[in-house]
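Per-entry structural report
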Amino acid sequence: MKLVQLAKQVADSQKRGLEMDKITLSNPELTVNQAYEIQKLSINETITDKNKFIGWKMGLTSKAKQQQVGVKEAIYGRLTSSMELQKPFLKVGELIHPRVEPEFAFLFKEELKGTNITAKDVWRAVECVFLALEVIDSRYKNFSFTLTDVVADNASSAKILLSNQAYSPYHTDWAQTEVKLYQNGEIRKKGRGEAVLDHPIHSIVELVKMIDREGLSIQSGMIVLVGGITDAVSVQADDEIVADYGDLGKLSLHVTS
Ligand code: OOG
Ligand code: MG
């Protein structure tokens, strides 16, 4: 099957919130690079004046996340403005089997590109850091996929929630920052920033190198999610999710039907 057709199929499943079979079942010969092409085509199809391309996400940058889904490689996905929750409410009716995970998001004031980039270059380009919750929702049945499948499905991206407060990149040591994830008052997950490639800054370095293969960059004004610090929890209507980042504050998400 042509990549364009597969991209349409994925875009349709994302738009309508309908689960689908893994695309590798009917297309076992698909490569990871072709999956990134499908990702690009399917997301480009959704871009309009109202739904802008706002940045990137890294995924599977922590052991906890890799183990949860059985894929042992970091991946990236594309973020668009319609994914951003402006209020801390998540409607699950539009989604298939949503999961929530705690993250950090970096906002950039300068472009970053190329394969020679180092952590030093990244620090210079960061404007600020947000606490973030990512809602992922694989379009594949049973949240089960191979590396190729999940890349084509835009790394399971669904929604993102950023903290109201933005922090200076030098406010704290992001590797030592601990987050506890609560669901209905019960602690479900716990982790430190260092779970993400020893320090979340490394996730940005990896992203810049990876998107260079497509000739793309992090542009000034874009945000980047660095990847789940802990693995994700499944959520349903009426759940109250709280990510407690200690001194940095809390991020809450109210789940509705
Ligand atoms: C893939 C997306 C992974 C992360 O932060 O690791 C991701 C998935 O778990 O479905 O967003
Ligand atoms: Mg994530």
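Now for a quick tour of the structure.

Focus on the site of ligand 1
Neighbouring residues of ligand 1: 17 residues in total, closest Lys57, Leu60, Glu101, Ser156 and Gly228. Within the side chain of Glu101, an N or O atom sits 2.7 Å from an oxygen atom of ligand 1. Within the side chain of Glu134, an N or O atom sits 3.0 Å from an oxygen atom of ligand 1. Bound to the protein, ligand 1 loses 100% of the 320 Å² it would expose on its own. Counting atoms within 2 Å of the grid points, the majority share of ligand 1 lands in the largest cavity. Secondary structure elements with two or more residues in the shell around ligand 1: strand 1 (53-59), helix 4 (63-69), strand 4 (99-108) and strand 5 (126-136). Of all the elements, strand 1 adds the most residues to the shell around ligand 1, at three residues. Among the residues forming the shell around ligand 1, the class breakdown is eight nonpolar, four polar and five charged.

Considering helix 3 (residues 32-44)
With 13 residues, helix 3 should reach 18 Å at 1.5 Å per residue; the first-to-last C-alpha distance of 18 Å fits that figure. Every buried residue of helix 3 is accounted for by Ala35, Tyr36, Ile38, Gln39, Ser42 and Ile43. Down the axis of helix 3, the buried set is contained in an arc of 155°. They therefore lie on one face. Buried residues in helix 3 make contact with helix 1 (3-16), helix 2 (23-26), strand 2 (75-80), helix 6 (147-152) and helix 7 (200-212).

As for the pattern of salt bridges
For the structure shown, the criterion picks out ten salt bridges. Measuring nitrogen to oxygen at the nearest pair gives 2.6 Å for the salt bridge that ties Glu101 to Lys65. Within this pair, whereas Glu101 is found in strand 4, its partner Lys65 is found in helix 4, the two being separated by 36 residues in sequence. On the basis of relative accessible area, Glu101 is assigned to the buried category, the value being 3%. A salt bridge links Arg139 to Asp153; its shortest N-O distance comes to 2.8 Å. Of this pair, Arg139 sits in the loop between strand 5 and helix 6 while Asp153 sits in the loop between helix 6 and strand 6 (157-167), and the two are 14 residues apart along the sequence. Judged by relative accessible area, which is 1%, Asp153 ranks as buried.

As for the sheet that holds strand 12 (residues 250-256)
Taken in spatial order, the five strands line up as 3-12-11-7-8 in an open sheet, and their pairing is mixed. One side of each edge strand has no neighbouring strand; the edge strands of this open sheet are strand 3 (89-91) and strand 8 (186-192). Across the sheet, the mean angle separating the axes of adjacent strands is 20° when strand polarity is ignored.

Some points on the coordination of the magnesium ion (ligand 2)
Around a metal, the idealised angle for a tetrahedral arrangement of four donor atoms is 109.5 degrees; for an octahedral arrangement of six donor atoms it is 90 or 180 degrees. Surrounding the magnesium ion (ligand 2) are the protein donor atoms Glu101 (OE), Glu103 (OE) and Glu134 (OE), which sit 1.9 to 2.0 Å from the metal. All donors of the magnesium ion (ligand 2) come from a single chain, and their spacing in sequence reads E-x1-E-x30-E. A residue pair is termed long-range when its members are at least 10 positions apart, and Glu103 in strand 4 and Glu134 in strand 5 qualify at 31 residues. Across the pair, Glu134 and Glu103 agree in class, each one buried.

Overview of the nonpolar core
Among the nonpolar cores identified, the biggest contains 71 residues, and Phe108, Ile204 and Ile218 are the most heavily contacted of them. Looking at this core, the element that brings in the most residues is helix 7, giving seven residues. Dropping the residues within four chain positions of it, Ile204 is found in contact with Phe106, Phe108, Leu112, Val122, Ile218, Val224 and Val226. Among the nonpolar cores identified, the runner-up in size contains twelve residues, and Leu79, Met83, Phe130 and Leu162 belong to it.

Details of the layout of surface pockets
In this model, the largest pocket occupies a volume close to 410 Å³. What lines the largest pocket is a set of 19 residues, among which Gln14, Lys15, Ser82, Arg139 and Ala158 lie closest to the centre. Elements with a minimum of two residues in the lining of the largest pocket: helix 1 and strand 6. Looking at side-chain class alone, the lining of the largest pocket contains six nonpolar, eight polar and five charged residues. In this structure, the second largest pocket encloses a volume near 150 Å³.

Cut-offs and rules
Residues numbered from 1 in each chain as written. Chains lettered and ligands numbered in written order. Predicted model: local features only at pLDDT ≥ 70, side-chain atom pairs only at ≥ 80, totals over all residues. Heavy atoms only, no water. Near = heavy atom within 4 Å. Polar contact = N/O pair within 3.5 Å; in protein donor to acceptor, adjacent residues only side chain to side chain. Areas by Shrake-Rupley, 256 points an atom, 1.4 Å probe, with all protein chains shown as cover. 1 Å grid on protein atoms, 1.4 Å probe; cavity = no way out; pocket = protein on both sides within 12 Å on 5 of 7 lines; lining within 4 Å. Sits in = over half its atoms within 2 Å of the grid points. Helix = DSSP H or I, 4+ residues; strand = E, 2+ residues; numbered from the N terminus. Nonpolar A, V, L, I, M, F, W, Y, C, P; charged D, E, K, R; others polar. Expected span 1.5 Å × (residues − 1). Buried < 20%, exposed > 50% of the residue type's maximum accessible area, 1.4 Å probe, protein only. Arc of directions from axis to C-beta. Contact = heavy atoms within 4.5 Å. Salt bridge = Lys/Arg side-chain N within 4 Å of Asp/Glu carboxyl O. Pairing = 2+ DSSP bridges. Axes fitted to C-alpha atoms, helices over the stretch in contact; angles between N-to-C directions. Donors = N, O, S within 2.8 Å, 3.2 Å for Na, K, Ca; no water. Core = buried A, V, L, I, M, F, W, Y, C linked by side-chain atoms within 4.5 Å. Points joined across faces, edges and corners; volume = space filled by probe spheres on them.

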